[in-house]
Amino acid sequence: EALTSIYEDLFELENENSFVVRIEEGTVSARLSVQLNNLYPSEGPPIYTLSAPFLSTLQKQELTNILDNIYLDNLGEPIVFLWTEEIRTFLQNLDLDENTSTSGCDTKCDDVDGLALQDLDIKNESSKPTVDCPEIYTTDVFEDRKSVFQGHCATVTSLDEIKAVLNKLYENKKIAHATHNMYAYRIHIPDKNSWLQDCDDDGESAAGGRMLHLLEIVEAKNTLVVVSRWYGGIQLGPDRFKHINNMTRRALEESGALKQEKPSGGKKKKK
């Protein structure tokens, strides 16, 4: 109730244990999504996701460290208000002329925590990862009016593993020449009790954000999903988003990422 009275229209109550506070400063807006747990505030911090796609990698890391320090300096005390005002101060001190670039995800995709998508420059040879590529599950294709869709899913625990998966997929010439290769990922950071998550539309506006939203709904953990689309020359309208979502869910279910039944189609690629 205190936060509601302070932030009014900037406060969005999702349920009794989770809410969002929008922090607007000038031309930019950040979102602090908070999920309360049994440990907060006496024994641990709440789970949070910071959405600020206009921040650079270093800025996000700096702000995350600041929030961590605020918690450590106020152990056992409510800290959401302190976090919110510290984020506001951070935004006020930004040089917006130099720091207004967004991530690879369309601006409608607003649940970004941690590192930016610029760090996943998979087409840059110098950015090749040094870790082993996780196993990739690839679905069978789905076709509608000559447009073809295919899903890919892998378990990942770091940005380097995401790079490895994306690079491995792009080694396939057919996938590399797809019209769009949209992806979204969620990685749990246990020591900070937070999430590293982001998405990329790859030219299909808002598709990555929809994929990420689905990952959140199904509570996917340490998961990367890629949907490839080969455009067939006939516009599908809103149906294309339905197919992208269906292929995302299918990749999750068939790969076992959702602990569903054994896959009925597709193939696993051990890389």
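Residues numbered from 1 in each chain as written. Predicted model: local features only at pLDDT ≥ 70, side-chain atom pairs only at ≥ 80, totals over all residues. Heavy atoms only, no water.

Asker: Which parts of the structure should I look at to understand the pattern of salt bridges?
Answerer: Where charged atoms from two side chains of opposite charge approach closely, those side chains can pair. Applying the stated criterion to the full structure yields 13 salt bridges. Measuring nitrogen to oxygen at the nearest pair gives 3.7 Å for the salt bridge that ties glutamate 12 to arginine 31. In this pair, glutamate 12 sits in strand β1 (residues 11-15) while arginine 31 sits in strand β3 (residues 28-35), placing the two residues 19 residues apart along the sequence. Where glutamate 171 meets lysine 168, a salt bridge forms, and the shortest distance between an N and an O atom there is 3.1 Å. The partly exposed category is assigned to lysine 168, whose relative accessible area is 26%. Shared partners join several salt bridges into a network, and the residues in it are Glu12, Arg22, Glu24 and Arg31. (Salt bridge = Lys/Arg side-chain N within 4 Å of Asp/Glu carboxyl O. Helix = DSSP H or I, 4+ residues; strand = E, 2+ residues; numbered from the N terminus. Buried < 20%, exposed > 50% of the residue type's maximum accessible area, 1.4 Å probe, protein only.)

Asker: Sorry, what's going on with the environment of serine 255 here?
Answerer: Examined against the element boundaries, serine 255 turns out to sit in helix α7 (residues 239-255). On a C-alpha basis, the gap between serine 255 and cysteine 153 in space is 6.6 Å, while along the polypeptide they are 102 residues apart. Engagement of the side chain of serine 255 in a polar contact is seen with the backbone oxygen of alanine 251, the distance being 2.7 Å. A polar contact of 3.3 Å, which involves the side chain of serine 255, links it to the backbone nitrogen of alanine 257. (Polar contact = N/O pair within 3.5 Å; in protein donor to acceptor, adjacent residues only side chain to side chain.)

Asker: Help me understand unusual backbone geometry, please; the structure alone is not making it clear to me.
Answerer: It is generally the case that most residues other than glycine have a negative phi and that most peptide bonds are trans. Backbone torsion omega between tyrosine 40 and proline 41 reads 0 degrees, so that peptide bond is classified as cis. Relative to the helices and strands, proline 41 resides in the loop between β3 and β4 (47-51). In this structure, arginine 145 takes a positive phi of about 50 degrees despite not being glycine. Among the structural elements, arginine 145 can be located in the loop between β6 (142-144) and β7 (147-155).

Asker: Please explain the pairing of strand β9 (residues 194-200) as it appears in this structure.
Answerer: The side chains of a regular strand alternate, residue by residue, between the two faces of the sheet. Burial runs high along β9: 7 of the 7 residues are buried. Because side chains alternate across β9, one face comprises the buried residues Ser194, Leu196, Asp198 and Asp200, and the other comprises Trp195, Gln197 and Cys199, equally buried. Across 7 bridges, the pairing between strand β8 (residues 180-189) and β9 is antiparallel. Bridged to isoleucine 189 within β9 is serine 194. Between the end of β8 and the start of β9, which pair antiparallel, lie 4 residues, with asparagine 193 showing a positive phi angle near 55 degrees. (Pairing = 2+ DSSP bridges.)

Asker: For this particular structure, what's the right way to read the environment of glutamate 253?
Answerer: Checked against the element boundaries, glutamate 253 lands in helix α7. Note on glutamate 253: relative accessible area 28%, which makes it partly exposed. For the pair glutamate 253 and cysteine 153, spaced 100 residues apart in sequence, the C-alpha separation works out to 9.5 Å.

Asker: What is the right way to read the packing of helix α6 (residues 207-217) against α7 from this model?
Answerer: Two numbers describe a pair of packed helices, the interaxial angle and the distance between the axes. As a packed pair, α6 and α7 sit with axes 10 Å apart at the nearest point and diverge in direction by 40 degrees. In this view, α6 runs oblique relative to α7, as classed from their interaxial angle. In the crossing of α6 with α7, the sense of the turn from one axis to the other is right-handed. In this structure, α6 contributes Ala207, Arg210, Met211, Leu214 and Leu215 to the contact, and α7 contributes Phe241, Ile244, Asn245, Thr248, Arg249 and Leu252. Counted by class, the contact of α6 with α7 contains 7 nonpolar, 2 polar and 2 charged residues. (Axes fitted to C-alpha atoms, helices over the stretch in contact; angles between N-to-C directions. Parallel < 35°, antiparallel > 145°, perpendicular 65-115°, else oblique. Left-handed = near helix turned anticlockwise from the far one by under 90°. Contact = heavy atoms within 4.5 Å. Nonpolar A, V, L, I, M, F, W, Y, C, P; charged D, E, K, R; others polar.)

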